[in-house]
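# Coordinate analysis (summary)
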Amino acid sequence: MTFQLSADDVLSALSVCCGEPLEDPAEAVAALRQGQPSLTATLYSAWAADGVTLDPGIAYDLELATSRVTFYRTVAAELAARVSDLTPIKGLEVADRYPSGLGRTMNDLDYVAGTEAALWRAAGLLIDDGWDLHTGTFACFGDRLHMMVSLRRPHESRFVLPYGVEIATWWSLGDLAGVPPLTAMPQPWRAPAVKNTLMLLFERFEQRFRARDLIDASLLVASASEDELITLTRALTALGLWPEYAELAALVARTSLPPLPPPPRRNQLDTRARRAIRSAAVLRRPLTGMARHLQRRNIKGASARIEQRSWAAAAERLSAGASVRAGVLAFGLPLDGAPRGDAPTATLHERDRLAWVDTPVGRFLLTIGDEVDEDTVAELSGPVPSPATTGANP
């Protein structure tokens, strides 16, 4: 099923997420700029499609968003042609479900690599094409070292955020507690309408649903076949995402968008019970379990001041290597000047409280806190660090 998306539909989603009606275009533009920038291209293009004359500033913002998507289509086509085991997440697949003439703001491209080799191949191709390593994220799930690398490329204008590509070996981190990381996805779930709805729901663990999420969800579900809706229902049960789906469905129901199928209340109650059991199991290892809990709160922006202090204290006690092995996220700082690793996969090295990862595209210094020692950076940026304990899969 398809439907036309009018400016009034877009404004209804924006009003629901802002918590108040938006009486005129100036209020809507202010709402976008203050808290809903991801809806910019959609609202501006919907106004243009409705025959509204955009002023030069609004038209320029729309052109920036449109040209950014055009650039990403070129990048995506090149990666698809040269790296087979790479699956796109949301982004262009969702944008292609928007009615003709309506845009979707895209900050970056997101991919899941089916193998670590595919991740490094894709990253290497981008680096060779002028992209820069920005950050890395590392953690062990199921006794395997998993990672995400973020790459950036300067925009043509120095006043515009750079282009971005993120490639991970996981589909989602879950909530680092009751909802475990998703590191493998069954083939039936990979249908775009199913996969991208799941990824949208997983993002609720990082931030509240935004107006664009409501539109994305409505378009995705409307495009799904009956078999795909059945698959989505089974996936929601298996992954324990019914509470997030129920929240999203309730928000969509308050707009003029086509509604989502109603969630069974029993499924939500069962899901919350299973989450509580899993969350308790995480805390069987008090220090690392608490670290994962506090890190999750920090990522969601929900931590109180005392929790922030507790996280800082835990980060001081835990070494980066021990944290990675325990499933705590360690953030990787790419080191300029360090050689690329000889092995085809990432290798974790540890020395006392210090840890780094050598990869086929460069070396990353690991940290779970906010501070990085400059002497350590200088040492590890050289070709041969001091002896260390090594393990590719801790």
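Right, let's walk through the structure included here. (Residues numbered from 1 in each chain as written. Predicted model: local features only at pLDDT ≥ 70, side-chain atom pairs only at ≥ 80, totals over all residues. Heavy atoms only, no water.)

## Description of the overall build of the protein chain
The following threshold applies: Elements are defined by DSSP. Helices are runs of H or I of four residues or more, strands are runs of E of two residues or more, and each kind is numbered from the N terminus. Type-normalised accessible area, obtained with a 1.4 Å probe on protein chains alone, sets the label of each residue: buried when under 20%, exposed when over 50%, and partly exposed for intermediate values. The contact criterion used is simple: two residues touch if any of their non-hydrogen atoms lie within 4.5 Å. A 1.4 Å probe and the Shrake-Rupley method give the accessible areas. Residues count as covered only by the protein chains that appear here.
The helix and strand inventory of the protein chain stands at 15 helices and 10 strands. Burial analysis of the protein chain (394 residues in total) assigns 53% to the buried set. Contacts in the protein chain between residues at least 24 apart in sequence constitute 67% of all its contacts with a sequence separation of at least 6. Total accessible area on the protein chain stands at roughly 18,600 Å², and carbon and sulfur atoms take up 52% of it.

## Considerations on the packing of aromatic side chains
Rule in force here: A pair of Phe, Tyr and Trp rings is counted when the ring centres sit within 6.5 Å of each other, with Trp represented by its six-membered ring. The angle between the planes then sorts it: under 30 degrees is stacked, over 60 is edge-to-face, the rest tilted.
With the rule as written, the count across this model stands at 9 aromatic pairs. Each ring, one from F141 and one from W170, has its centre 6.1 Å from the other, and the planes form 70°; the classification is edge-to-face. With a gap of 29 residues between them, F141 in strand β3 (residues 132–141) and W170 in the loop between β5 (163–168) and α7 (192–202) connect regions that are remote in the sequence. We note that F141, like W170, is buried. A centroid spacing of 5.6 Å and a plane angle of 85° characterise the contact between W242 and Y245, whose relative ring orientation is edge-to-face.

## A word on the nonpolar core
Our working rule: Here, nonpolar core refers to any group of buried Ala, Val, Leu, Ile, Met, Phe, Trp, Tyr and Cys residues whose side-chain atoms link them within 4.5 Å.
L14, L43, L198, L214, I215 and L248 are the most contacted members of the largest nonpolar core, which totals 62 residues. Breaking this core down by element, the ones donating at least two residues are α1 (7–18), α2 (25–35), α3 (40–49), α4 (56–82), α7, α8 (211–223), α9 (226–239) and α10 (242–253). By residue number, the principal contributor to this core is α8, which donates 8 residues. Leave out the neighbours within four places in its chain, and L248 touches L200, L201, F209, D213, L214, A217 and L260. Counting 43 residues, the second-largest nonpolar core is a separate cluster that includes Y72, A122, A320 and L366.

## Overview of a negative patch on the surface
Test applied: The patches reported here contain residues having more than 30% relative accessible area and no salt bridge. Joining distances are 9 Å for like charges and 5 Å for nonpolar side chains (Val, Leu, Ile, Met, Phe, Trp, Tyr). In what follows, salt bridge is the name for a side-chain nitrogen of Lys or Arg lying within 4 Å of a carboxyl oxygen of Asp or Glu. The positive count covers Lys and Arg only, the negative count covers Asp and Glu only, and His and the chain ends enter neither. One atom stands in for each charge, and that atom is NZ of Lys, CZ of Arg, CG of Asp or CD of Glu.
Among the surface-exposed residues, E20, E23, D24 and E27 lie close enough to one another that they form a single negatively charged patch. For E23, the location among the structural elements is in the loop between α1 and α2.

## Re the pairing of strand β6 (residues 330–334)
Inclusion rule: By the convention used here, strands pair only if DSSP detects at least 2 bridges between them.
Of the two faces of β6, only the one carrying A330, G332 and P334 is buried; F331 and L333 on the other face are not. Relative to β6, β3 runs antiparallel, the two sharing 3 bridges. Counted as the bridge partner of T137 is F331 from β6. As judged from the 4 bridges shared by β6 and strand β9 (residues 362–367), these two strands associate in the antiparallel manner. Bridging across to β9, G332 finds its partner in L366.

## Describing α8
Heads up, the condition is: Between the first and last residue of a helix there are one fewer steps than residues, each counted as 1.5 Å, and that sum is the expected span.
Taking 1.5 Å of rise per residue, the 13 residues of α8 would be expected to cover 18 Å, and the 19 Å separating its terminal C-alpha atoms lies within 8% of that figure. Of all 13 residues in α8, 12 are buried, a share of seventy percent or more. All of the buried residues in α8 are A211, R212, D213, L214, I215, D216, A217, S218, L219, L220, V221 and A222. Where α8 is buried, its residues contact α1, α3, α5 (92–95), α7, α9 and α10.

## Notes on the environment of R152
Threshold: Polar contact is the term for a pair of N or O atoms within 3.5 Å; when the atoms are in protein, one must be able to donate a hydrogen and the other to accept it, and sequence-neighboring residues count only if both atoms are side-chain atoms.
For R152, the location among the structural elements is in strand β4 (residues 144–153). Between the C-alpha atoms of R152 and D108, which are 44 residues apart in sequence, the distance is 9.1 Å. What R152 contacts, discounting residues up to four positions off in sequence, is W131, D132, H134, P162, Y163, G164, V165 and E166. A polar side-chain atom of R152 sits 2.8 Å from a polar atom in the side chain of S150.

## Focus on the state of the cysteines
Note the cut-off: For this text, the term disulfide refers to a pair of cysteine sulfurs within 2.5 Å.
What the rule picks out here adds up to 0 disulfides. Here C18 stays free of any disulfide, with the sulfur of C17 as its closest cysteine sulfur at 7.0 Å.

## A look at the pairing of β9
Here β9 lies mainly inside the structure; 6 of its 6 residues are buried. Pairing of strand β8 (residues 354–359) with β9, which is carried by 4 bridges, proceeds in the antiparallel orientation. Bridging from a neighbouring strand, V357 pairs with F364 of β9. Here β8 hands over to β9 after 2 residues, the two strands then running antiparallel side by side.

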